[in-house]
Amino acid sequence: MTTESEAWRTSESSSRIPGEPGAHRFWMHHAIGLARLCPSSSTAFSVGAVIVGPDGVELTHGYSREADAKVHAEESALNKIGPDPRLATATIYSTLEPCSTRASVDRAPCTERILTAGIRRVVIAWREPGTFVENCVGVERLRQHGVEVVEIPDLAEEAMSMNRHLRI
């Protein structure tokens, strides 16, 4: 029996190459599975992120609180890969809109990290509500810098399901 978090590995009906039919849903399901691995928190969302090369091969992934109590999913994934020329043609899948400001002011927002890394496509399932940070403008900031942002709103409910204990 395949668990929900393993289903992304065995899906034969979806392309894994970003931009091809089914690929965004395929990789977002993987990110959702990662979000389910997050230690629960009353002060932060559980988020999963996957960075995929143009050939449909995963470069890295991360999830909230994976390395420490303050690490965000995108931050965790980017920290693992470091500067890498493949990021210029990669897509990052994040279950939640990348943050534009942080409650942890000593850490760069995920939008800035994505821009610095040179990633040109971001795929999200839902926009960040004002639960912890008012007026997140991650999508707008990325688009202002020429980054393609794809939203998959029909996966939002599944992507936020592990955060239902929070005020959403």
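Structure's up top.
Residues numbered from 1 in each chain as written. Predicted model: local features only at pLDDT ≥ 70, side-chain atom pairs only at ≥ 80, totals over all residues. Heavy atoms only, no water.

### Things to note about the nonpolar core
Part 1 of the reasoning: The biggest cluster of nonpolar side chains holds 28 residues, and the ones touching the most others in it are Met28 and Trp126.
Part 2 of the reasoning: Looking at which element gives the most residues to this core, the answer is helix α2 (residues 23-35), with seven residues.
Part 3 of the reasoning: Of all hydrophobic cores here, the second largest spans 17 residues; its members include Ala77, Val122, Ile124 and Val147. (Core = buried A, V, L, I, M, F, W, Y, C linked by side-chain atoms within 4.5 Å. Buried < 20%, exposed > 50% of the residue type's maximum accessible area, 1.4 Å probe, protein only. Helix = DSSP H or I, 4+ residues; strand = E, 2+ residues; numbered from the N terminus.)

### Observations concerning helix α3 (residues 73-81)
Part 1 of the reasoning: Most of α3 is tucked away, with seven of its nine residues classed as buried.
Part 2 of the reasoning: Taken residue by residue, α3 has Ala73, Glu74, Glu75, Ser76, Ala77, Leu78 and Ile81 as its buried positions.
Part 3 of the reasoning: Where α3 is buried, its residues contact β1 (48-52), β2 (58-63), β3 (91-96) and α4 (110-117). (Contact = heavy atoms within 4.5 Å.)

### Some points on the sheet that holds β3
Part 1 of the reasoning: In spatial order, the strands read β2-β1-β3-β4-β5; together these five strands make up an open sheet with mixed pairing. Every interior strand has two partners, whereas the edge strands, β2 and β5 (148-151), have only one. In this sheet, adjacent strand axes meet at a mean angle of 15 degrees when their direction is disregarded.
Part 2 of the reasoning: Pairing analysis gives four bridges linking strand β4 (residues 121-126) to β5, with the strands arranged parallel. Paired with Ile124 across the bridge in β5 is Glu151. (Pairing = 2+ DSSP bridges. Axes fitted to C-alpha atoms, helices over the stretch in contact; angles between N-to-C directions.)

### Some remarks on the packing of aromatic side chains
Part 1 of the reasoning: One pass over the structure, following the stated rule, counts three aromatic pairs.
Part 2 of the reasoning: Taking 5.5 Å as the distance between ring centres and 85 degrees as the angle between the ring planes, the aromatic pair formed by Phe45 and Trp126 counts as edge-to-face. Of this pair, Phe45 sits in the loop between α2 and β1 while Trp126 is found in strand β4, placing the two residues 81 residues apart along the sequence.
Part 3 of the reasoning: For the ring pair Phe45 and Phe132, a centre distance of 5.0 Å and an interplane angle of 70 degrees mean the geometry is edge-to-face. With a gap of 87 residues between them, Phe45 in the loop between α2 and β1 and Phe132 in the loop between β4 and α5 (138-144) connect regions that are remote in the sequence.
Part 4 of the reasoning: Relative accessible area serves as the criterion here: at 7%, Phe45 is assigned to the buried category.
Part 5 of the reasoning: On the basis of relative accessible area, Phe132 is assigned to the partly exposed category, the value being 31%.
Part 6 of the reasoning: Through successive ring pairs, a cluster of aromatic residues spans Phe45, Trp126 and Phe132. (Phe/Tyr/Trp six-rings, centres within 6.5 Å; stacked < 30°, edge-to-face > 60°.)

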